[in-house]
Amino acid sequence: YQIIVERIEPKGIGAQQLALQQLKDKLHKEGLFDPGHKKEIPLMPFSAGIVTSSAGAAIRDILQILKKGAACVDVVIRSVRVQGESAAREIAEAIEDLNQFKKVDVIIVSRGGGSIEDLWSFNEEVVARAIYNSAIPVISAVGHQINTTLSDLVADVFVETPSTAAKI
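It should be emphasised that the depicted structure is a prediction, and the values quoted were computed from it without experimental measurement.

Engineer: Give me the overall build of the protein: which residues, what numbers.
Structural biologist: From N to C terminus, the protein includes six helices and five strands. A buried classification covers 42% of the 168 residues belonging to the protein. At a minimum sequence separation of 6, the contacts of the protein that also span at least 24 residues come to 71%. Taken as a whole, the protein presents about 9,800 Å² of accessible surface, with 53% of it coming from carbon and sulfur. Here the protein contributes 18 positive and 21 negative side-chain charges, whose respective centroids are spaced 3 Å apart.

Structural data, given as C-alpha cells:
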C-alpha cells in the first residue's frame, strides 16, 4: 500500500465552531443568557404556540403528548423550515409573529435531533435575539440530549427533547 498526502490541515476546532464560540461569548457578555432575564412558564398555559416544521417528527410528538395529557390546551402551529439557508430568519419571524398575535401563553421552539449542521439555524444570532426579545416565555426543545444550541441558552426554559417540552 502507498499513501500520498496532498494536503494536511490542523486538527482542532474548525472555522464554524470558532465562529459559534465567538458569537456565544458576545451574547453572553450582552446578558442574553442571564438567568435574571428568564421568564417563568405559566403553571397552567391555556394556549401554546409551536415554532417548528409541520412535516417533522417533533410536531407529531408534541401534539400526541398534548392530546394525552393536556387536551384543553389550544395549539397554534407556526410552521417554519428548521434547517437550511432561510430557516433562521423564518424561525425568528415566527417567534415575532406569535408575540404580535398575543394569544399564546407560551412558545415552544422545536425540532428533532440531527447533526450540528442540521441544528445550525438554532445557533444563529437572529434566532437568539428573537427568543431573548420575546414577551412570551419560550421553551427551547431543539435536538436531543447531546445537543445544546444558542436557542437553548437564551430560552426561558431549555429541555432536551420536543416531547419533554409538551410534558411541561
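Engineer: Can you explain the nonpolar core? Please cite residues and give values.
Structural biologist: Within the largest apolar cluster, 30 residues are counted, with the highest numbers of intra-cluster contacts made by Leu 27, Val 51, Ile 91, Ile 95, Ile 107, Val 109 and Ile 131. Elements with a contribution of two residues or more to this core: α1 (15-30), α3 (87-101), β3 (106-111), α4 (125-133), β4 (138-142) and α5 (150-154). Residue contributions to this core peak at six residues, all from α3. Contact partners of Ile 131, with chain neighbours within four places excluded, come to Ile 95, Val 138, Ser 151, Val 154 and Ala 155. Grouped together as the second largest cluster of nonpolar side chains are 15 residues, Ala 48, Ile 50, Ile 62 and Ile 139 included.

Engineer: A description of α1 should follow, citing residues and the corresponding values.
Structural biologist: With 16 residues, α1 extends 23 Å between its outermost C-alpha atoms, agreeing within 8% with the 22 Å of an ideal straight helix rising 1.5 Å per residue. Within α1, the full set of buried residues consists of Leu 20, Leu 23 and Leu 27. Buried residues along α1 cover an arc of 65° about the axis, so they all sit on one side. Of the exposed residues in α1, the ones pointing more than 90 degrees away from its buried face are Ala 15, His 28 and Lys 29. Looking at the buried residues of α1, the elements they touch are α4 and α5. One or two steps after α1, the chain reaches Gly 31, where phi turns positive at roughly 90°.

Engineer: Requested: an account of the sheet that holds strand β2 (residues 74-79), with residues and values cited.
Structural biologist: Ordered in space as β2-β1-β3-β4-β5, the five strands form an open sheet in which the pairing is parallel. Because the sheet does not close on itself, it has two edges, and the strands there are β2 and β5 (157-158). Where strand β1 (residues 47-52) and β3 come together, four bridges link them in parallel fashion. Within β3, the residue paired with Val 51 across the bridge is Val 109.

Engineer: Describe in detail the pairing of β3, supporting the description with residues and values.
Structural biologist: Counting buried positions over the six residues of β3 gives six, a clear majority of the element. Side chains Val 106, Ile 108 and Ser 110 of β3 all project onto a buried face; the interleaved residues Ile 107, Val 109 and Arg 111 project onto the opposite face, where all are buried too. Pairing of β3 with β4, which is carried by five bridges, proceeds in the parallel orientation. Across the sheet, the residue bridging to Ile 107 is Val 138, located in β4. Following the backbone out of β3, through α4 and into the adjacent parallel β4, one traces a crossover that is right-handed.

Conventions adopted
Residues numbered from 1 in each chain as written. Predicted model: local features only at pLDDT ≥ 70, side-chain atom pairs only at ≥ 80, totals over all residues. Heavy atoms only, no water. Helix = DSSP H or I, 4+ residues; strand = E, 2+ residues; numbered from the N terminus. Buried < 20%, exposed > 50% of the residue type's maximum accessible area, 1.4 Å probe, protein only. Contact = heavy atoms within 4.5 Å. Areas by Shrake-Rupley, 256 points an atom, 1.4 Å probe, with all protein chains shown as cover. Lys, Arg positive; Asp, Glu negative; His and termini not counted. Charge placed at Lys NZ, Arg CZ, Asp CG, Glu CD. Core = buried A, V, L, I, M, F, W, Y, C linked by side-chain atoms within 4.5 Å. Expected span 1.5 Å × (residues − 1). Arc of directions from axis to C-beta. Pairing = 2+ DSSP bridges. Right-handed = clockwise from strand over helix to strand, strands pointing away.

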